[in-house]
Protein chains: 2
Amino acid sequence: MTEHSLWRFSRALHRAINDRQYEDLQGLIDEDVDWAVYGPIDMFPFFGARHGKAAVLEVIRQVAENVRVHRFDRESIMLGVDSASSMMRYSLTALDSNKPISLRLAQFAQFRAGRLSSIRILVDTFDLVEQALGRPIHLPRIAS
Amino acid sequence: MTEHSLWRFSRALHRAINDRQYEDLQGLIDEDVDWAVYGPIDMFPFFGARHGKAAVLEVIRQVAENVRVHRFDRESIMLGVDSASSMMRYSLTALDSNKPISLRLAQFAQFRAGRLSSIRILVDTFDLVEQALGRPIHLPRIAS
């Protein structure tokens, strides 16, 4: 039984972010990949949509320049033949401020011939923004 | 082939929220259910964790008092034997202000004997907070 594409991709991605080693990752991304991280791109320029392998490698380089991954826990996971979804909790450090950031995200990925062909990532963005600002944003109570 | 538990649960949930008809939903929730919606509970008291069927039905009633669902699109979905995950986009109306709200969320659900036994829901919370406030929150550019 071969290893699921998710595990290979995940290892290569974390190696790229923490060690800036991109060789493994390059072979695991489809030329025609669709990539989207939903969130405020004004604050985090590496959020948003990217299309194609070069654009995705470039945005992963930007992520690597901004954060270091300390640990991650998969809270939920589903694996299909060529697909995977997971909800994850990351402990990061923001490299410019040296601040710890704790982040929950959900990802839905598709693979083609073992390479990432599509991924959508949803982040608990309000929590992230407050941590990046270093202060709470005052919110009114909206709902009854 | 029987229908996946997700479809039954989803229909009953939307019927509960829009029509305040809870009969179908009551039979589709495990007594021992674990429920979590990640987000700012100060602003949205119906976010957060709930345990047990009574608490979950109560929080769904609170949601029904606050929003109406106009449409939803499943952008990604994975189905297992007793599990399901999806990324969804909702068009809602906030009932107090009559404001339209567009919301992206990801959910990971588990079922036991056809009843919901666990669900975790992640929301693009920053986008939601801005829509609920009715104005953008000014953000500095954090990353390089």
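Right above here is the structure, for reference.
In this report, the structure presented in the accompanying data block is examined. Quick caveat: nothing in here was measured; it's all calculated off a predicted structure.

Criteria and cut-off values
- Residues numbered from 1 in each chain as written.
- Chains lettered and ligands numbered in written order.
- Predicted model: local features only at pLDDT ≥ 70, side-chain atom pairs only at ≥ 80, totals over all residues.
- Heavy atoms only, no water.
- Contact = heavy atoms within 4.5 Å.
- Buried area = accessible area lost by both parts, 1.4 Å probe.
- Salt bridge = Lys/Arg side-chain N within 4 Å of Asp/Glu carboxyl O.
- Polar contact = N/O pair within 3.5 Å; in protein donor to acceptor, adjacent residues only side chain to side chain.
- Helix = DSSP H or I, 4+ residues; strand = E, 2+ residues; numbered from the N terminus.
- Nonpolar A, V, L, I, M, F, W, Y, C, P; charged D, E, K, R; others polar.
- Buried < 20%, exposed > 50% of the residue type's maximum accessible area, 1.4 Å probe, protein only.

**Some words on the interface of chain B and chain A**
The figure often quoted for interface size is the accessible area lost as the parts come together.
And step 1. Each partner contributes residues to the interface: chain B has 42 residues there, and chain A has 42 residues.
And step 2. Between chain B and chain A lies a buried interface of about 3600 Å² when both sides are counted; carbon and sulfur atoms form 69% of it.
And step 3. The largest share of the area that chain B buries against chain A comes from Met78, Phe108 and Leu122 of chain B, three residues that together contribute 19% of it.
And step 4. Taken together, the links from chain B to chain A amount to 2 salt bridges.
And step 5. A salt bridge links Arg120 of chain B to Glu75 of chain A; its shortest N-O distance comes to 3.9 Å.
And step 6. Counting across the chain B and chain A interface gives 6 residue pairs in polar contact (both at pLDDT 80 or more).
And step 7. The set of elements that each furnish at least two residues to the side of chain B that touches chain A consists of helix H3 (53-66), strand S3 (67-79), strand S4 (83-94), strand S5 (99-112), strand S6 (115-123) and helix H4 (125-133) of chain B.
And step 8. Tallying contributions element by element places H4 of chain B first for the side of chain B that touches chain A, with 6 residues.
And step 9. Looking at the side of chain B that touches chain A residue by residue, the class counts come to 24 nonpolar, 10 polar and 8 charged.

**Some details on the pattern of salt bridges**
And step 1. If you walk through the whole model with that rule in mind, you get 14 salt bridges over all chains.
And step 2. Notably, a salt bridge pairs Asp24 of chain A with Arg15 of chain A, separated by 3.3 Å at the nearest N-O pair.
And step 3. What makes Asp24 of chain A partly exposed here is its relative accessible area of 41%.
And step 4. Among the residues examined, Arg15 of chain A registers a relative accessible area of 36% and is labelled partly exposed.
And step 5. A salt bridge links Asp73 of chain B to Arg71 of chain B; the shortest N-O distance between them is 2.7 Å.
And step 6. Looking at Asp73 of chain B, the relative accessible area reads 33%, which means it is partly exposed.
And step 7. Arg71 of chain B sits in the partly exposed class, given a relative accessible area of 48%.
And step 8. In this structure, a network of salt bridges that share partners links the residues Glu75 and Arg104 of chain A together with Arg120 of chain B.

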